[in-house]
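Below, each chain spelled out in residue letters.
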Amino acid sequence: MANLAKIKKIQDKFVNKATFLTIYTQEAHPTEAGDYIDYFLPIREHQTIAERIAAAGELLNLETLPGPLLVDNMDNKASVAYGSFPDRLYIVLGGRVVYQGGVGPHGYVPAKVEEWLEKFYQEDVDK
């Protein structure tokens, strides 16, 4: 969540050019795992799609996201297909992945998305 403010700034910059969305997947740090002591939003591991949707709703209650929020199914098909656990940034253009960021938290670098978008839209202006 620390990078969310950075993503929001990038979204503001490209608001009329790109759509930003978030896919809520399995919980990276469920409370029963005990790997975090200070939960800002304690969430147990989702057992049903209703629980996952409810957890996504809690996220929306806490934060304004820079675009739509989608929810992965209980087979984690989006997470598996994109290798996005625990988090990852992508740019999809014309149905193709044109940018794949590193796996978070250390590979989750919003500035790389901003650089890619700046270059892409500059090239578009130069044409």
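Up top you'll find the structure we're talking about.
Treat the numbers as computed from the prediction; the structure is a model and nothing was measured. (Residues numbered from 1 in each chain as written. Predicted model: local features only at pLDDT ≥ 70, side-chain atom pairs only at ≥ 80, totals over all residues. Heavy atoms only, no water.)

## Re a nonpolar patch on the surface
- Together, Ile49, Ile53, Val71 and Met74 make up an exposed nonpolar region whose accessible area comes to about 290 Å².
- Of note, Val71 is situated in strand S2 (residues 69-71). (Patch = residues over 30% accessible without salt bridge, like charges linked within 9 Å, V, L, I, M, F, W, Y side chains within 5 Å. Areas by Shrake-Rupley, 256 points an atom, 1.4 Å probe, with all protein chains shown as cover. Salt bridge = Lys/Arg side-chain N within 4 Å of Asp/Glu carboxyl O. Helix = DSSP H or I, 4+ residues; strand = E, 2+ residues; numbered from the N terminus.)

## Structural notes on the environment of Gln47
- By secondary structure assignment, the location of Gln47 is in the loop between strand S1 (22-24) and helix H2 (49-62).
- Accessibility expressed as a relative area gives 57% for Gln47, which makes it exposed.
- Counting along the chain gives 27 residues from Gln47 to Met74, while the straight-line C-alpha distance between them is 8.1 Å.
- Of note is the side chain of Gln47, whose polar atom sits 3.4 Å from the backbone oxygen of Glu45. (Buried < 20%, exposed > 50% of the residue type's maximum accessible area, 1.4 Å probe, protein only. Polar contact = N/O pair within 3.5 Å; in protein donor to acceptor, adjacent residues only side chain to side chain.)

## Focus on H2
- The end-to-end C-alpha separation of H2 is 20 Å, in line with the 20 Å expected for 14 residues at 1.5 Å each.
- When H2 is considered as a whole, its buried residues turn out to be Arg52, Ala55, Ala56 and Leu59. Down the axis of H2, the sector holding all buried residues measures 100°, keeping them to one side.
- The secondary structure elements touched by the buried residues of H2 are S1 and S2. (Expected span 1.5 Å × (residues − 1). Arc of directions from axis to C-beta. Contact = heavy atoms within 4.5 Å.)

Functional significance is not addressed by these values, which are geometric in nature.
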